[in-house]
Amino acid sequence: MRIQVGKYTLTSDGHHNLIANETAKKKDGGEPSLRPVAFFSKLEHFCTWALDQRVLKSKAESIEELKIEIMAAKAEIVEAVQELEHGKVGQGKKTKKSA
């Protein structure tokens, strides 16, 4: 499994964990690698964490801007979960990154 959700790539250890990864660029210009940043036993826990991360790192200066940020994050999460449900995981489709 390899699902792109915003700036995170969700993978699985094949047994019990879902792993949220960030892409780590190599200094020598080689192929980027994934760096684990969080582990989850349920998809719902990842979704909550991903939304929380987006809010915590937001540069919103008003409640309206924060609302827009949350709506965009929710849309990315929903799209990724729908891909998972429809068996499109790992086929290279990526969600749009936020501005």
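Cut-offs used in this document
- Residues numbered from 1 in each chain as written.
- Predicted model: local features only at pLDDT ≥ 70, side-chain atom pairs only at ≥ 80, totals over all residues.
- Heavy atoms only, no water.
- Pairing = 2+ DSSP bridges.
- Helix = DSSP H or I, 4+ residues; strand = E, 2+ residues; numbered from the N terminus.
- Axes fitted to C-alpha atoms, helices over the stretch in contact; angles between N-to-C directions.
- Contact = heavy atoms within 4.5 Å.
- Salt bridge = Lys/Arg side-chain N within 4 Å of Asp/Glu carboxyl O.
- Buried < 20%, exposed > 50% of the residue type's maximum accessible area, 1.4 Å probe, protein only.

(A) Quick peek at the sheet that holds strand β1 (residues 2-5). Taken in spatial order, the four strands line up as β1-β2-β3-β4 in an open sheet, and their pairing is antiparallel. Among the strands making up the open sheet, the edge pair consists of β1 and β4 (33-40). Neighbour to neighbour, the strand axes of the sheet diverge by 35° on average, direction disregarded. Taken together, the seven bridges between strand β3 (residues 18-24) and β4 define a ladder with antiparallel strand orientation. Its bridge partner being in β4, Leu-18 is matched across the sheet by Phe-40. Packing against the sheet, helix α1 (residues 43-56) makes contact with β1, β2 (8-12), β3 and β4, and its axis sits at approximately 110° to β4.

(B) Seen up close, the pattern of salt bridges. Counting across every chain of the model gives four salt bridges. Between Lys-7 and Glu-22 there is a salt bridge; the shortest N-O distance is 3.3 Å. Separated by 15 residues along the polypeptide, Lys-7 in the loop between β1 and β2 and Glu-22 in strand β3 bring together distant segments of the chain. Residue classification places Glu-22 among the buried positions, given a relative accessible area of 16%. Close ionic contact of Glu-69 with Arg-54 constitutes a salt bridge, the shortest N to O distance being 2.6 Å. With Glu-69 in helix α2 (residues 63-85) and Arg-54 in helix α1, this residue pair connects regions lying 15 residues apart in the sequence. The network of salt bridges with shared partners includes Lys-7, Glu-22 and Arg-35.

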